[in-house]
Protein chains: 2
Amino acid sequence: MIFESTRSLSASLEDYLQAIFWTVAAKGAARAKDIARQLGVKASSVTGALQTLAEKKFVHYQPYEAITLTAEGFDEAARVAQRHFIVREFFVRVLGLDEAVADKEACRMEHCVGDDVAERLATLMEFVKAHPEMQSGVSQLLAERDHSDGMPASVRRGPVTVADLRSGQKAVIVAVRSGAALARRLVDMGLGRGALVEVEGVAPTGDPIRVKIRGYQLALRRTEAAAISVVGK
Amino acid sequence: MIFESTRSLSASLEDYLQAIFWTVAAKGAARAKDIARQLGVKASSVTGALQTLAEKKFVHYQPYEAITLTAEGFDEAARVAQRHFIVREFFVRVLGLDEAVADKEACRMEHCVGDDVAERLATLMEFVKAHPEMQSGVSQLLAERDHSDGMPASVRRGPVTVADLRSGQKAVIVAVRSGAALARRLVDMGLGRGALVEVEGVAPTGDPIRVKIRGYQLALRRTEAAAISVVGK
DNA sequence: TGACGAAGTTAGGCACGCCTAATAATATTA
DNA sequence: TAATATTATTAGGCGTGCCTAACTTCGTCA
Ligand SMILES: [Mn+2]
Ligand SMILES: [Mn+2]
Ligand SMILES: [Mn+2]
Ligand SMILES: [Mn+2]
């Protein structure tokens, strides 16, 4: 699988484990029915998942009996729940996302954030808690953006241009601002949609910017570079 | 699938599309061999993916011929690459992650971040760019943490306790700090590992904290609450 | 006690995404 | 041009994770 996870459980099994975790916490034990309802799957899928989790020693499972977690199951579930919590809090408190949306997104992300990222997110949140101006600053920027609705996200966000790239970075051109002879000149040189640009160097003043494209090297004025929207690598 | 994605392509196909995107940008067209090498899969897997992508009109594909992207394929690939870039830049510039690690993590996350999150991350980065003191502040906090290596991550991060919860939040107890008669008293009351706590209310002064557990309600002193480590929901 | 309904399991099927092995097409070289 | 090497495709298999349909087990209540 290309989407390698390094973790002991698949995204799906992590969700089963979490459902069990919260149900057991609330009621002492979980029944297949509870899990099926929470996750929106059929009972037979739950049976299958329980058999796999039991094989991996994460749950105590005997057919027809109530389900509880093993010690390892509890720890693993707590780790996933912790990631869910951290990511959701980050979305809500730093990115200003709506609670419900944040929770849904977090339930997707919890399966792919690494431990290092989770830890740093938690640290960032501590920092933000101590520096509320950061949170309000971001909210304000976001609010300004929201005035220009109707525009595509890429425009609201402000496109990245060749002028924003650091030395050594590669990018693909997605658009060249038309107007002036510039666009034509660039396209004639091979600087069209889909072409790969590599920034070779930027003068100390930031102008000109030396780029390599299709084997050729050329120097772009900063204003020219800023007219070329790219997706960075 | 529980891990619902709402996007038109699976994580796997998004990676194939991106491999094609960068190869085409660099060389004008892609061959199955290039893609197989980049993604670390066998050639036959590439053929399968190409057939699927061709069905979905994302690539121009004729057996044995070089591969290029359709207009939709280019747009879709650019969107994924954009998410990869944003997430990686966030990891590097805000979270201070190592470039190589950040890139790997980003290649996993690019398939699960929603558009709203990506947009807000980009905005946050703009804010941080405009306020470099924020960035160094986070780095500093992270550096302090790194001094206390050897400790488990949960300790470095500082555990969340009942005292950190807001009114209405639920959590599962993972540990009760031992010492004093407190631990025993709490455990006797049912406040042990695995139990669900719900914060009912916090006095204006922050003390006491009213919690509900196993149907019972009780009031905890702030110092008591701070001795109970939890995983929040 | 026995019948009934709810809950849980098993069997079989399907889509996805990878693999290996065999085969086919294309490129390279003698 | 013919032999050979490289590249690509097909066929068939496997694991995961979901489904439906049929069946079994369990608890309840007459
Ligand atoms: Mn989840
Ligand atoms: Mn979750
Ligand atoms: Mn990826
Ligand atoms: Mn990627």
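Throughout, residues of each chain are indexed from 1 in the direction in which the sequence is written. Naming scheme: in the order in which they are written, chains are lettered from A and ligands are numbered from 1. With the structure being a predicted model, the display of local features is reserved for residues of pLDDT at least 70 and the display and counting of side-chain atom pairs for 80 or more, all residues being used for whole-chain, interface and lining totals. Calculated side-chain values reflect all of the structure's heavy atoms, with hydrogen atoms and water omitted.

Things to note about the protein's contact with DNA strand D
To be explicit about the condition: Summary of the distance rule: residues count as near a molecule or strand when at least one heavy atom falls within 4 Å of that molecule or strand. Definition of a polar contact: a pair of N or O atoms within 3.5 Å, with one able to donate and the other able to accept a hydrogen when the atoms are protein atoms, and with sequence-neighbouring residues admitted only if both atoms are side-chain atoms. By definition, any uninterrupted DSSP run of H or I lasting at least four residues is a helix, any uninterrupted run of E lasting at least two residues is a strand, and each is numbered from the N terminus. Any residue outside Ala, Val, Leu, Ile, Met, Phe, Trp, Tyr, Cys, Pro, Asp, Glu, Lys and Arg is labelled polar, Gly included; the first ten of those are nonpolar and the last four are charged.
Taken together, 20 residues lie near DNA strand D, and Ser-10 and Ser-45 of chain A together with Thr-47, Gln-51 and Tyr-61 of chain B sit nearest. For DNA strand D, the fraction of atoms within 4 Å of the protein that belong to sugar or phosphate moieties is 82%. The contact in question runs from a phosphate oxygen of DNA strand D to an N or O atom on the side chain of Gln-51 of chain B, over 2.6 Å. Elements supplying a minimum of two residues to the surface near DNA strand D: α1 (11–27) and α3 (43–55) of chain A together with α2 (32–39) and α3 (43–55) of chain B. Looking at the surface near DNA strand D element by element, the count peaks at 4 residues for α3 of chain B. Among the residues making up the surface near DNA strand D, the classes are represented as 10 nonpolar, 7 polar and 3 charged.

Structural notes on the interface of chain B and chain A
Basically, it comes down to this: By definition in these notes, contact holds between two residues if any of their heavy atoms fall within 4.5 Å. The term buried area means the drop in 1.4 Å probe accessible area that two parts suffer when joined, counted for both and summed. In the sections that follow, a salt bridge refers to a side-chain nitrogen of Lys or Arg positioned within 4 Å of a carboxyl oxygen of Asp or Glu.
Chain B puts 74 residues into the contact, and the matching count from chain A is 73 residues. Between chain B and chain A, the buried area comes to about 6700 Å², and carbon and sulfur atoms account for 67% of it. In this structure, Glu-89 of chain A engages Arg-166 of chain B in a salt bridge whose closest nitrogen and oxygen atoms are separated by 3.0 Å. Here chain B is connected to chain A by 14 residue pairs in polar contact (both at pLDDT 80 or more). Residue classes in the side of chain B that touches chain A are distributed as 43 nonpolar, 11 polar and 20 charged.

Here's the deal with the coordination of the manganese ion (ligand 3)
Residue and element names in this part refer to chain B. Convention followed: With water omitted from the atoms examined, metal sites may look incomplete; donors here are N, O and S atoms no farther than 2.8 Å from the metal, or 3.2 Å in the case of Na, K and Ca.
Looking at the manganese ion (ligand 3), the protein donor atoms are Asp-15 (OD), Cys-107 (O), Glu-110 (OE) and His-111 (NE2), and they sit 2.0 to 2.2 Å from it. Along the chain, the residues donating to the manganese ion (ligand 3) are arranged with the sequence spacing D-x91-C-x2-E-H. The two metals, the manganese ion (ligand 3) and the manganese ion (ligand 4), are separated by 3.7 Å and share Cys-107 as a common coordinating residue. In this pair, Asp-15 is assigned in helix α1 (residues 11–27) and Glu-110 in the loop between α5 (99–109) and α6 (115–130), connecting sequence segments 95 residues apart.

Observations concerning the coordination of the manganese ion (ligand 4)
All names here are of chain B. Rule in force here: Note on exposure labels: buried denotes an accessible area under 20% of the residue type's maximum, exposed denotes more than 50%, and partly exposed covers the range between, all computed with a 1.4 Å probe on protein chains only.
On the protein side, the manganese ion (ligand 4) has His-84 (ND1), Cys-107 (SG), Glu-110 (OE) and Glu-110 (OE) as donor atoms, found 2.3 to 2.6 Å from it. Each donor residue of the manganese ion (ligand 4) lies on one chain, and together they are spaced H-x22-C-x2-E. A relative accessible area of 32% places Cys-107 in the partly exposed class.

A look at the domain arrangement of chain A
Just so we agree on the cut-off: Bear in mind that the domain bounds are from an automatic or database domain assignment.
The assigned domain composition of chain A is domain 1 (1–158) and domain 2 (162–232). Here domain 1 of chain A and domain 2 of chain A have C-alpha centroids that lie 40 Å from each other.

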